[in-house]
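Architecture at a glance
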Amino acid sequence: MGSIRSARPQRRRRRDRRGRGLRGPLIPASLPAAASRSERFDAAVVAALEPVESRWHAELTNLDVAVDDVPDVRKAPQEAGGESILHDGAVPLSRLVPAGVDNAGLPTHARILLYRHPLEARAPEQDILVELIHQVLVEQVAAYLGLDPEIIEGD
């Protein structure tokens, strides 16, 4: 005698156990809550940079602002090569990289790097995060222009 087999073909178990079909997204993509954390952070950077950029537009044409998730602390000397690093304790929050020449010999703009995870860890709410990003940007723009942060902030 051979082995006993079921008359039903074997099916793989799926997540859809009750036959309701695939579920769609919980929040439609058109709503702000559907944005990822990095997208919300990028929006906060734009909102924080807007007042500074509108006031100092002519002076900031050769300055780029970029976001990185975490700082590479292995490559981060405290103050080297004209870079300005803004710390909170031992953790870098942002870095101002001066203009220079890349590996291909092409000129590069000066760049402010904001580190998303350290900044988000210090701000429990979105409005506090925007204010913290604004303060960091003011400090770095002041370092870039060689001015006092109160002058950059204005009235």
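On a predicted model such as this, the values are computed, not experimentally measured, just so you know.

Moving on, we come to helix H1 (residues 37-55). Here H1 is 19 residues long and its end C-alpha atoms lie 28 Å apart, about the 27 Å a rise of 1.5 Å per residue gives. In H1, a bend of some 40 degrees at Leu 49 exceeds every other bend along the element, and Pro 51, a proline, comes one to four places later. Every buried residue of H1 is listed here: Phe 41, Ala 44, Val 45, Ala 48, Leu 49 and Val 52.

This part takes up the pattern of salt bridges. Evaluated as defined, the whole model comprises three salt bridges. With a shortest N-O distance of 3.0 Å, Arg 37 and Glu 120 are connected by a salt bridge. Here Arg 37, found in helix H1, pairs with Glu 120, found in helix H2 (residues 116-121); they are 83 residues apart in sequence, far enough to count as distant. By relative accessible area, Glu 120 is classed as buried at 14%. Ionic pairing is found between Glu 120 and Arg 116, a salt bridge with its closest N-O pair at 3.2 Å. Pair noted here: Glu 120 and Arg 116 are both in helix H2, with a separation of four residues, about one helical turn. According to the relative accessible area criterion, Arg 116 is buried, its value standing at 9%.

Attention now goes to helix H3 (residues 126-145). Every α-helix carries 3.6 residues per turn, so stepping three or four residues along brings you back to the same face. For H3, built from 20 residues, the straight-helix expectation of 28 Å at 1.5 Å per residue is met to within 8% by its first-to-last C-alpha distance of 28 Å. Taken together, the buried positions of H3 are occupied by Leu 129, Leu 132, Ile 133, His 134, Val 136, Leu 137, Val 138, Gln 140, Val 141 and Ala 142. Immediately beyond the C-terminal end of H3, within one or two residues, lies Gly 146, with a positive phi of roughly 70 degrees.

Moving on to the sheet that holds strand S6 (residues 110-115). Spatially, four strands are ordered S1-S6-S3-S2 in an open sheet, and the strand pairing comes out mixed. A single partner strand is all that each edge strand has here, and the edge strands are strand S1 (63-68) and strand S2 (84-88). Averaged over all adjacent pairs, the angle separating strand axes in this sheet is 20 degrees, with direction ignored. In this structure, strand S3 (residues 91-97) lies alongside S6, joined through four bridges in antiparallel fashion. By the bridge assignment, Arg 95 is partnered in S6 with Leu 113. Where H1 meets the sheet, its contacts fall on S1 and S6, and the angle it forms with S1 comes to roughly 150 degrees.

Criteria and cut-off values
Residues numbered from 1 in each chain as written. Predicted model: local features only at pLDDT ≥ 70, side-chain atom pairs only at ≥ 80, totals over all residues. Heavy atoms only, no water. Helix = DSSP H or I, 4+ residues; strand = E, 2+ residues; numbered from the N terminus. Expected span 1.5 Å × (residues − 1). Bend = angle between axes of the 7 residues up to and from the residue. Buried < 20%, exposed > 50% of the residue type's maximum accessible area, 1.4 Å probe, protein only. Salt bridge = Lys/Arg side-chain N within 4 Å of Asp/Glu carboxyl O. Pairing = 2+ DSSP bridges. Axes fitted to C-alpha atoms, helices over the stretch in contact; angles between N-to-C directions. Contact = heavy atoms within 4.5 Å.

In short, the description is geometric, and any link to function would need to be established separately.
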